[in-house]
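These are the residues of each chain, in order.
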Amino acid sequence: MAYLLPHLHSGWEVDQAIVTEEDRVVVIRFGRDSDPTCMVQDEILMNIAEKVKNFAVIYVVDIDEVPDFNNMYELFDPCTTMFFYRNKHIMVDLGTGDNNKINWALADKQEFIDIIEVVYRGARKGRGLVVAPKDYSTKYRY
């Protein structure tokens, strides 16, 4: 499903997408289009893209095609989703310890929309770190 989402094919395109967007959150999924985890994430992103178009724009970046950000953002997981607002990386506290990115596929559309909305509201207020509406830590799973 990644072919239905806009792809960024160079480091310059990624930078321009982050720098030029003034009013919306830039959601970038870093990963490989052929990875099963990314395929699940891409389907969710494709399904919510129309619903969040007023406050977010979604892009896809293949980390093999554009390796420029692999070390900078520590993109070692199969699928990583990051958020930017007005040229600033917005961190999300998901309860997992890694606030920089989401490194798994969220299978629920509404959960992802809620996270993007929290990022948008927090970023508009100038916050660099927002707290996700749901705690994704493992402490409630035992």
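Residues numbered from 1 in each chain as written. Predicted model: local features only at pLDDT ≥ 70, side-chain atom pairs only at ≥ 80, totals over all residues. Heavy atoms only, no water.

Put simply, the rule reads: UniProt positions are given in the numbering used here, feature names are shortened, and annotations may be inferred rather than shown by experiment.
As annotated in an unreviewed UniProt entry, the protein is Thioredoxin-like protein from Chaetoceros tenuissimus. Database annotation for the protein, UniProt heading Subcellular location (unreviewed entry): "Nucleus". Reading the Sequence similarities (unreviewed entry) entry of the UniProt record for the protein gives the comment "Belongs to the DIM1 family."

1. Structural notes on the sheet that holds strand 4 (residues 88-93)
Stated formally: Any two strands between which DSSP finds at least two bridges are classified as paired. Each helix is a run of DSSP H or I of at least 4 residues and each strand a run of E of at least 2, with the numbering of both proceeding from the N terminus. Axis geometry follows a simple rule: fit a line to the C-alpha atoms, using only the stretch in contact for helices, then measure angles between N-to-C directions, giving values from 0 to 180 degrees.
Pairing is mixed across the open sheet formed by five strands, whose spatial order is 2-1-3-4-5. Single-partner strands in this sheet number two, and they are strand 2 (56-62) and strand 5 (129-131). The average angle at which neighbouring strand axes cross in this sheet is 35 degrees, direction not considered. In this structure, strand 1 (residues 25-31) lies alongside strand 2, joined through seven bridges in parallel fashion.

2. What about the nonpolar core?
Note the threshold: In plain words, nonpolar cores are sets of buried Ala, Val, Leu, Ile, Met, Phe, Trp, Tyr and Cys residues tied together by side-chain atoms within 4.5 Å. Burial status follows relative accessibility: with a 1.4 Å probe on protein chains alone, a residue under 20% of its type maximum counts as buried, one over 50% as exposed, and anything between as partly exposed. Between two residues, a contact is recorded if the distance between any of their heavy atoms is within 4.5 Å.
Core analysis: the largest hydrophobic core is formed by 28 residues, its most contacted members being Val 27, Phe 83, Phe 112 and Ile 115. Tallying contributions element by element places helix 3 (residues 109-124) first for this core, with seven residues. Leave out the neighbours within four places in its chain, and Phe 83 touches Val 25, Val 26, Val 27, Lys 88, His 89, Ile 90, Val 92, Ile 102, Phe 112, Ile 115, Ile 116 and Val 119. The next biggest cluster of nonpolar side chains, apart from the first, holds 17 residues, and it includes Val 14, Ile 18, Tyr 73 and Met 82.

3. Details of helix 1 (residues 11-20)
Put simply, the rule is: Taking the helix axis as origin, the arc is that swept by the directions to the C-beta atoms.
Those residues of helix 1 not exposed but buried are Gly 11, Val 14, Ala 17 and Ile 18. Angularly, the buried residues of helix 1 cover 130 degrees about the axis, an arc narrow enough to put them on a single face. Exposed positions of helix 1 whose direction lies more than 90 degrees from the buried face are Trp 12 and Thr 20. Buried residues along helix 1 sit in contact with strand 1, strand 2 and strand 3 (79-85).

4. With respect to the side chain of Asp 35
Stated precisely, the cut-off is as follows: For the purposes of these results, a polar contact is taken to be a pair of N or O atoms within 3.5 Å, where, inside protein, one atom must be able to donate a hydrogen and its partner to accept one; residues adjacent in sequence count only when each atom of the pair is a side-chain atom.
Relative to the elements of secondary structure, Asp 35 occurs in the loop between strand 1 and helix 2 (36-49). Separated by 3.0 Å, the side chain of Asp 35 and the backbone nitrogen of Thr 37 make a polar contact.

5. Describing unusual backbone geometry
Positive phi, normally seen in glycine, also occurs at Glu 74, with a value near 55 degrees. Judged by its relative accessible area of 47%, Glu 74 is partly exposed. The phi dihedral of Asn 87 falls on the positive side, at around 65 degrees, and the residue is not glycine. Within the secondary structure layout, Asn 87 lies in the loop between strand 3 and strand 4.

6. Description of the state of the cysteines
The line we're drawing: Put simply, a disulfide is two cysteine sulfurs that come within 2.5 Å.
Inspection of every chain in the model, using the stated rule, returns zero disulfides. Looking at the unpaired Cys 38, the closest cysteine sulfur is the one in Cys 79, lying at 3.5 Å. The class of Cys 79 is buried, set by a relative accessible area of 0%.

7. Some details on the packing of aromatic side chains
Inclusion rule: Stacked, tilted and edge-to-face are the three classes applied to pairs of Phe, Tyr and Trp rings, where Trp contributes its six-membered ring and a pair requires centres within 6.5 Å; stacked means planes under 30 degrees apart, edge-to-face means over 60, and tilted covers the rest.
Per the counting criterion, the structure on display carries eight aromatic pairs. Plain terms: the ring middles of Phe 69 and Tyr 73 are 5.8 Å apart, the flat faces sit at 10 degrees to each other, and that makes the pair stacked. No difference in accessibility class separates Phe 69 from Tyr 73, as the two residues are buried. In this structure an aromatic cluster arises from ring pairing among Phe 30, Phe 69, Tyr 73 and Phe 84.

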